[in-house]
Number of protein chains: 2
Amino acid sequence: MAVYTDVVAEDLGAFLAGYDVGELLAYKGIAEGVENSNFLVHTSRGYFILTLYERRVAAKDLPFFLALMEHLHARGISCPQPVENRRGEVLGQIAGRPAAMITFLDGMWIRRPSPTHCAALGEALARLHLAGLDFERSRANTLSVSGWRPLYENCSARANEVQPDLKQFLAAELSHLEKAWPSNLPQGVIHADLFPDNVFFLGNKLSGLIDFYFACTDALAYDVAICLNAWCFETDHSYNVTKGRSLLQAYAQVRPLSDEERRALPLLARGAALRFLLTRLVDWFDVPPGALVRPKDPFEYYRKLRFHQAVKSVRDYGIEE
Amino acid sequence: MAVYTDVVAEDLGAFLAGYDVGELLAYKGIAEGVENSNFLVHTSRGYFILTLYERRVAAKDLPFFLALMEHLHARGISCPQPVENRRGEVLGQIAGRPAAMITFLDGMWIRRPSPTHCAALGEALARLHLAGLDFERSRANTLSVSGWRPLYENCSARANEVQPDLKQFLAAELSHLEKAWPSNLPQGVIHADLFPDNVFFLGNKLSGLIDFYFACTDALAYDVAICLNAWCFETDHSYNVTKGRSLLQAYAQVRPLSDEERRALPLLARGAALRFLLTRLVDWFDVPPGALVRPKDPFEYYRKLRFHQAVKSVRDYGIEE
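Looking only at helices and strands, one finds 9 helices and 10 strands in chain A. Against the globule reference of 20 Å for 321 residues, chain A gives a C-alpha radius of gyration of 20 Å, in line with a compact fold. Across its three principal directions, the C-alpha atoms of chain A cover 60 × 45 × 35 Å. For chain A, long-range pairs separated by at least 24 residues make up 70% of all intrachain contacts whose partners lie at least 6 apart in sequence.

Here it is as C-alpha cells:
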C-alpha cells in the first residue's frame, strides 16, 4: 500500500480538463496497490480512480490491460472501466507517469473468505475466462514456467536464510515443473493475480474484479490453480476442501474443466505456488533493513507448495476426477 | 502518509450499524495524516472519513478535538464535522482503536501557495480564533515553550550530525526563548498546525480547515507565527514579504493584532520555528535506517529560525509596527 508519486492539485486540474468529467473537487492518495500510485478523485460528475503507473508496470503493456478492462466491461464483467479523454484515448500522462482515469467500483474485499465467497469467485473467474475468449490482443505470461528460473537465480543464494535446504527444494521443484509443465491446455486471457484483495463483495454478492495488471494469455486452468492457492487455504496454511470444492464446482458450472485440465490441476497448483513463493522470496530479500513496508511472507507459499506435492488427483481438492 | 491499522469489512459494517449513515458500499485507506489511520468510507448516504486514532494522539484529548470541530462548525467555520452515532456520541471504537466518523470535505491543498492563498489563510485563521473564543474546554499546549527542553534533551546529543554546532545553537536559542517568552498575550483556541496540507481550496477560494489534533489553548498570535513559518517562505527558505504581508493584513482585517502582539511576533516566530525544528529533529533520529517513509527535513526550520533571529520588528514581516 503506497503512493509513490505525489500529484499537485494544479497539475491534476489541467489533466482533468482533457476529460469530460466535470470540475475537480477533491482527491486523496489511497493506500492500495503495491505496483502503482492510486488516487480517489471527486469531481462534479462523481468519483473516479486515477492510477499512475510506476516502473514495475511496463508501459508497453498498458494498452493491453486497459483494452482488456474495456472488453470485459462491455461483456458484462463488473470491473473498472477506463474513462476516455476528449481525444478518445484512455491512456494519458501526469507527473511524468503514464496514467488512466477509471470508474470507481463499490464493494469491499473479504479478509476471511467463506465457502460462499469461494463459490462466487469460482463463478466470476469462469465468466471472466469466457468473456475473454474473443479478446483480440495477447500478452505472454512473463511469470509462467520460463520466467521462474531467472527468479530462482535471483533469490537462491539466500533462500536458506528463510528455511534450511530451501535452495535445494526450489531447484528440484523447478526442474520437475520445467520438464512436466503442460503446453496443450485451453488458452485465453487469465487474470493471474485474483487474490481476495482484488475481488469486491457487497455482502455475500461479488460486486467486481479489479487490478488487471498481471493479466496475460495463458492456460485458463492455471488461473484456477492460482485462485485455489489464494482462496482455499486457512491462515494456518491448511487446505480447506470445502472452499476448494465450492470454488471448483462453481467454476465448472459456467465453464466445465476438460479431463486434461482436471488431470493437470495438481501440477498447475504446484506451479502457481512456486511462482508466488519465488516472487515473494525476491521481494523479501529486496527490502532495505528497517523498511516500514513489510513484504509478504514467502513461507506461506512454501507450505502450500508442500501440500500440492502430496496431492494425488483433483479428488484431494474436493471434486471428482 | 500511512494506514497503521487495517480495518476488516465485517468489523466496519458492524461499526457503521451504530450510525445512521446507511449501508456500507466501499472504503479505502487514504495516504494522509502522519498521526492517525484514515479511511474514505462510501455509504448509501454519501462519503465520510473514518479516523482511527493511533498511539501518538492521547485518548484523553479526543473529546476536546471532536467537541472543538463541532463548536467551530456550528459557528460557520468550514471544517470536518464529527458524526454522532445512534447514542449521540461522536467517539467510538474499531479495531482496538478510538475512532470517529467525520464528514467529507471537498477541496485540495495547495503545494505552492500564492499571496492570494496566504491572504485567504490569514482571514480564515482570524475567523477560527474568533469562533473559538466562547469554546468552553481548554487544553494546554504541550508543544509550547515548556515542552521544548524535553525535546531538546531527546535530540541534542546527535544534533551536530545534521549541522555543525547545531547543539550549541539550539541550547542558546532555547535559553533565550525560555527567558523572554511572553505570557500576557490574548489567549484562545489555536490550531497549532495549520500547514498548507491542512487547508483546502477550491480554485483560489478557501474551502475548509482540517486536522485539529494539535489544537490547544495558547496565545492566538503564536498561531499566526506558526502560519508565517509554514506559508510565507519559498522552497529555498527565503522569506516572501508579499506573502507575509498578505497573510498578516488579511488576519488583521478580521481580528486586529494588539500592539503587544505585533511587538511579540518576531519572538513568537522564533519559538514556532524552534518547535518544528525540534520535533523534526526528534523524528529525524527516530526513523530506522532504510525506512521508506522519510521524515521532514529539519534543516528547513533551522534556516527559518535564523531568519527570524535577524528580524528587528514586524516591519520585516511586511506590515507597519
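Next, the rest of the story.
Let us look at the domain arrangement of chain A. All names here are of chain A. Domain parsing of chain A yields domain 1 (9-104) and domain 2 (109-317). On a C-alpha basis, the centres of domain 1 and domain 2 stand 27 Å from each other. In this complex, domain 1 contributes 16 residues to the contact, which on the side of domain 2 involves 16 residues. Residues of the side of domain 1 that touches domain 2, tallied by class, amount to 10 nonpolar, 3 polar and 3 charged.

As a further point, take the sheet that holds strand 9 (residues 205-209) of chain A. Residue and element names in this part refer to chain A. Taken together, the 3 strands give an open sheet; going across it, the order is 6-8-9, and neighbouring strands pair in antiparallel fashion. Every other strand in the sheet has two partners, leaving strand 6 (108-109) and strand 9 as the edge strands with one partner each. One ladder, built from 2 bridges, connects strand 6 with strand 8 (residues 199-202); its direction is antiparallel. Across the sheet, the residue bridging to tryptophan 109 is phenylalanine 200, located in strand 8. Seen against the sheet, helix 3 (residues 115-131) touches strand 8 and strand 9 and runs at an angle of roughly 40° to strand 9.

Here we come to the packing of helix 6 (residues 220-231) of chain A against helix 7 (residues 241-254) of chain A. All names here are of chain A. Running from amino to carboxyl end, helix 6 crosses helix 7 at an angle of 150°, the nearest separation of the two axes being 10 Å. Comparing their axes, helix 7 and helix 6 come out roughly antiparallel. Crossing of helix 6 against helix 7: the hand is right-handed. For the pair helix 6 and helix 7, the contacting residues are Val224, Cys227, Leu228 and Trp231 in the first and Lys243, Gly244, Leu247 and Tyr251 in the second. Each residue belonging to the contact of helix 6 with helix 7 can be placed in one class, and the counts come to 6 nonpolar, 1 polar and 1 charged.

This part is about the nonpolar core. Membership of the largest hydrophobic core comes to 195 residues, with the highest contact counts inside it found for A:Leu247 and B:Leu247. Among residues more than four places away in sequence, those in contact with B:Leu247 are B:Cys118, B:Ala119, B:Leu121, B:Gly122, B:Cys227, B:Leu228, B:Trp231 and B:Cys232.

With that settled, the discussion passes to the environment of B:Leu16. All names here are of chain B. Relative to the helices and strands, leucine 16 resides in helix 1 (residues 9-16). Take leucine 16: there are 22 C-beta atoms within 10 Å of it, and that puts it in the buried class. Considering only alpha carbons, one finds leucine 16 and tyrosine 27, 11 residues apart in sequence, at a separation of 12 Å. When neighbours within four sequence positions are excluded, leucine 16 is seen to be in contact with Val21, Leu24 and Thr43.

A separate point is the sheet that holds strand 6 (residues 108-109) of chain B. All names here are of chain B. If you walk across this open sheet you meet the 3 strands as 6-8-9, and the pairing is antiparallel. The outermost strands of the open sheet, each flanked by one partner alone, are strand 6 and strand 9 (205-209). Sitting on the sheet, helix 3 (residues 115-131) touches strand 8 (199-202) and strand 9, and the angle it makes with strand 9 is about 40°.

Below, the discussion takes up the environment of B:Gln168. Residue and element names in this part refer to chain B. The residue glutamine 168 is located in helix 5 (residues 166-180) in this model. Residue classification places glutamine 168 among the exposed positions, given that 12 C-beta atoms sit within 10 Å. Sequence spacing of glutamine 168 and serine 156 is 12 residues, and the spatial spacing of their C-alpha atoms is 8.7 Å.

Positive phi values are uncommon outside glycine, yet A:His237 reaches one of about 75°. Examined against the element boundaries, A:His237 turns out to sit in the loop between helix 6 and helix 7. A positive phi angle, close to 65°, is found at B:Asp165, a residue other than glycine.

All names here are of chain B. Over its 12 residues, helix 6 (residues 220-231) extends 17 Å from the first C-alpha to the last, a length consistent with the 16 Å expected when each residue adds 1.5 Å. Counting buried residues along helix 6, 12 of its 12 residues qualify, which places the element largely inside the surrounding structure. Residues of helix 6 that are buried include every one of Leu220, Ala221, Tyr222, Asp223, Val224, Ala225, Ile226, Cys227, Leu228, Asn229, Ala230 and Trp231, and no others. At its buried positions, helix 6 is contacted by helix 3, strand 7 (187-190), strand 10 (216-219), helix 7 (241-254), helix 8 (259-286) and helix 9 (299-310).

A few words on the packing of helix 4 (residues 145-159) of chain A against helix 8 (residues 259-286) of chain A. Residue and element names in this part refer to chain A. Across the interface, helix 4 lies against helix 8 with an axial gap of 9 Å and an inter-helix angle of 45°. On the basis of the axis angle, helix 4 is oblique to helix 8. In the packing of helix 4 onto helix 8, the handedness of the crossing is left-handed. Across from Val145, Trp148, Leu151, Tyr152, Asn154, Cys155, Arg158 and Ala159 in helix 4, the residues of helix 8 making contact are Gly271, Leu274, Arg275, Leu278, Thr279, Leu281, Val282 and Phe285. Among the residues forming the contact of helix 4 with helix 8, the class breakdown is 11 nonpolar, 3 polar and 2 charged.

Residue and element names in this part refer to chain B. In this fold, glutamate 261 is placed in helix 8. Overall, the presence of 22 C-beta atoms within 10 Å leaves glutamate 261 in the buried class. For the pair glutamate 261 and valine 314, spaced 53 residues apart in sequence, the C-alpha to C-alpha distance is 9.9 Å.

About the thresholds
Residues numbered from 1 in each chain as written. Chains lettered and ligands numbered in written order. Predicted model: local features only at pLDDT ≥ 70, side-chain atom pairs only at ≥ 80, totals over all residues. Helix = DSSP H or I, 4+ residues; strand = E, 2+ residues; numbered from the N terminus. Rg over C-alpha atoms; globule rule 2.2 N^0.38 Å. Contact = placed C-beta atoms within 7 Å. Domains from an automatic or database assignment. Nonpolar A, V, L, I, M, F, W, Y, C, P; charged D, E, K, R; others polar. Pairing = 2+ DSSP bridges. Axes fitted to C-alpha atoms, helices over the stretch in contact; angles between N-to-C directions. Parallel < 35°, antiparallel > 145°, perpendicular 65-115°, else oblique. Left-handed = near helix turned anticlockwise from the far one by under 90°. Core = buried A, V, L, I, M, F, W, Y, C linked by C-beta atoms within 7 Å. Buried ≥ 20, exposed ≤ 12 C-beta atoms within 10 Å, placed from the backbone. Expected span 1.5 Å × (residues − 1).

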